[in-house]
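Now for the letters of each chain:
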Amino acid sequence: MWRNVETAPADSILGLTEAFKNDTNPEKVNLGVGVYKDEGGKTPVLQCVKAAEKILLEKEETKSYLPITGDPLYASEVQKLLFGEDSEVVSTGRAVTAHAPGGTGALRVGAELLKKFNPDAKVWISSPTWANHKGVFSAAGFELAEYSYYDAATKSLDFDGMVESLNKVPAGDIVLLHTCCHNPSGVDLNEAQWKNIAEIGKERGWIPFLDFAYQGFGESVESDRCGVVAFAATGVDFFVASSFSKNFGLYNERTGAITVVAPNAEDGAVAMSHLKTSVRVIYSNPPAHGGLVVATILADAELKKQWLQELSGMCDRIKEMRSALVDGLASRGVEGDFSYITSQRGMFSFSGLSDDVVKWLRDNRSIYVVGGGRINLAGLTRANIDYVCDSIAEALKG
Ligand code: LMR
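Residues numbered from 1 in each chain as written. Predicted model: local features only at pLDDT ≥ 70, side-chain atom pairs only at ≥ 80, totals over all residues.

Chemist: Can you help me understand the overall build of the protein chain in this one?
Modeler: Within the protein chain, the secondary structure is distributed over 15 helices and 13 strands. What you see for the protein chain is a C-alpha radius of gyration of 21 Å, in line with the 21 Å of a compact globule of 398 residues. With the C-alpha coordinates aligned to their principal axes, the bounding extent of the protein chain is approximately 65 × 55 × 55 Å. With 398 residues in all, the protein chain has 46% of them scored as buried. Summarising the internal contacts of the protein chain: among those between residues at least 6 apart in sequence, 75% fall at separations of at least 24. (Helix = DSSP H or I, 4+ residues; strand = E, 2+ residues; numbered from the N terminus. Rg over C-alpha atoms; globule rule 2.2 N^0.38 Å. Buried ≥ 20, exposed ≤ 12 C-beta atoms within 10 Å, placed from the backbone. Contact = placed C-beta atoms within 7 Å.)

If you want it as structure tokens, here you go:
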């Protein structure tokens, strides 16, 4: 069967991790995949997660199937986190949520649902966007188009360009938006800009699909949701794909959610019925463990407090590494203003490193950066920062 089939290319992000694992250089550094590392270079299990797992070990009585859309407590805690405890979206029941296997699973379920009812729509993605967005929506059968987002010259948001593009998106098309910590650029909208974009969406009649994978990594869980709140305020239909991979460190538990917000609870119930049929034919029902861990933490005031502290500890370390990188490059006399690295948010910086430099760093220094120059700042530590800065300085001089 496979004799005449060409090998598929390695994944542009997860493929790098495979290459990194096979690299025998003891100084190797992985700045590719968006995974948090602590000062020791490890991806820790959060203490609040350990505590919740202890509770579950005692309490759990069955490994029987979950409902198709997952544990109801999980769905309710997800909604409170996404929209805020007092949100009318939650109290009116116009939002419905299904536990999905990670943010990617959530995007795919949402895409399937949209394809069923809106088969001729185009999906508009930001320029640039996370590489897998293209894969997920193309696999669901959608044609893709791009809207302006990042200005490479100023290394900041091209808000005017974004507004201009989104004003031209036809009604019924789907617009995929990164709610915070834009991947790969680290460049975000402020609250007023989100309100503006939400109004454009309402006026034009396109369908917003919010990818919310980094809640809490921008500023705080509350202020990072201002884009979601802005769309909720318009009363239109929209979708949210969210993930607990990063903010709970639950990467391999595949713990995400797809939330469909309808104009009223009746429409929400219809959406829920179709969410169920979509989930049933893709993975039947979700894996339980990650969702139970998250629900246990969010429903317990003490554990939630501990989680928020651990989350802010991760963010502080990333911010520290942003400054260390800027200072390290300046102190080595690397020409240029790298201050944009400290104003970008989340795990990533669009470093501006060319693909030639990215290749040189990998081939000569075993430093792995995603093509296009996206650096995961969380892969930097006090132990490897000098090595990385020396290497970048050398690559840029060469
Ligand atoms: C990333 O962008 O590196 C992460 O979201 C991991 C992934 O699945 O690509």
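Chemist: Even after reading the chapter, I still don't get the domain arrangement of the protein chain, so can you show me in this structure?
Modeler: How big an interface is tends to be expressed through the accessible area that disappears when the partners come together. Partitioning the protein chain into structural domains gives domain 1 (14–45 + 303–397) and domain 2 (65–299). Measuring from the centre of the C-alpha atoms in domain 1 to the corresponding centre in domain 2 gives 27 Å. On the domain 2 side, the residues contacting the 23 residues of domain 1 number 21 residues. Per-element accounting of the side of domain 1 that touches domain 2 gives the leading share, five residues, to helix α12 (residues 301–331). (Domains from an automatic or database assignment.)

Chemist: How should the pairing of strand β8 (residues 207–212) be read in this particular structure?
Modeler: Remark: a regular strand shows side chains that alternate across the two faces of the sheet. β8 sits mainly inside the fold: six of its six residues count as buried. Pairing of strand β7 (residues 174–178) with β8, which is carried by five bridges, proceeds in the parallel orientation. Bridging across to β8, V175 finds its partner in P208. The parallel pair β7 and β8, bridged by helix α8 (residues 191–204), forms a crossover whose chirality is right-handed. Across four bridges, β8 lies against strand β9 (residues 238–243) in parallel orientation. Paired with L210 across the strands is V240, a residue of β9. (Pairing = 2+ DSSP bridges. Right-handed = clockwise from strand over helix to strand, strands pointing away.)

Chemist: How should the site of the ligand be read in this particular structure?
Modeler: Looking at the ligand, the residues that line it are I13, V33, G34, W130, N132 and N183. Each residue belonging to the shell around the ligand can be placed in one class, and the counts come to three nonpolar, three polar and no charged. (Near = placed C-beta within 6 Å. Nonpolar A, V, L, I, M, F, W, Y, C, P; charged D, E, K, R; others polar.)

Chemist: Help me out: how do you make sense of helix α2 (residues 47–59) in this one?
Modeler: Given 3.6 residues to a turn, an α-helix orients residues that are three or four positions apart in the same direction. Compared with an ideal rise of 1.5 Å per residue, which puts 13 residues at 18 Å, α2 spans 18 Å between its outermost C-alpha atoms and is within 8% of the ideal. Within the span of α2, buried status applies to C48, V49 and A52. Buried residues of α2, seen end-on, are gathered within an arc of 95 degrees and therefore sit on one face of the element. Opposite the buried face of α2, by more than 90 degrees, sit the exposed residues K50, K54, L57 and E58. Residues of α2 that are buried in the fold lie against α11 (289–298) and α12. (Expected span 1.5 Å × (residues − 1). Arc of directions from axis to C-beta.)

Chemist: Help me out: how do you make sense of the nonpolar core in this one?
Modeler: One finds I174, V175, L210, I258, L275 and V369 to be the most contacted residues of the largest nonpolar core, which totals 113 residues. The element that contributes the greatest number of residues to this core is α12, accounting for eight residues. Both domains that furnish three or more residues to this core are identified here as domain 1 (14–45 + 303–397) and domain 2 (65–299). Once you skip the residues sitting within four places of it in the chain, I174 turns out to touch L114, A121, V123, W124, W206, I207 and F209. (Core = buried A, V, L, I, M, F, W, Y, C linked by C-beta atoms within 7 Å.)

Chemist: What am I meant to see in the environment of A378 here?
Modeler: In this structure, A378 sits in the loop between β13 (374–376) and α15 (385–397). When the 24 C-beta atoms within 10 Å are taken as the criterion, A378 is described as buried. The spatial distance from the C-alpha of A378 to the C-alpha of K319 is 9.0 Å, given a sequence separation of 59 residues. Those residues in contact with A378 that sit more than four places away from it in its chain are Y36, K37, I318 and M347.

Chemist: Can you help me understand the packing of α12 against α15 in this one?
Modeler: When two helices pack together, their arrangement is given by the angle between the helix axes and by the axis-to-axis distance. Direction vectors running N to C along α12 and α15 enclose 45 degrees, while the axes themselves pass 9 Å from each other. Relative to α15, α12 is oriented oblique. Judged by the sense of rotation from one axis to the other, the crossing of α12 with α15 is right-handed. Residues A324, L325, G328 and L329 of α12 form the contact with α15, whose participating residues are I385, D386, C389, I392 and A393. By residue class, the composition of the contact of α12 with α15 is seven nonpolar, one polar and one charged. (Axes fitted to C-alpha atoms, helices over the stretch in contact; angles between N-to-C directions. Parallel < 35°, antiparallel > 145°, perpendicular 65-115°, else oblique. Left-handed = near helix turned anticlockwise from the far one by under 90°.)

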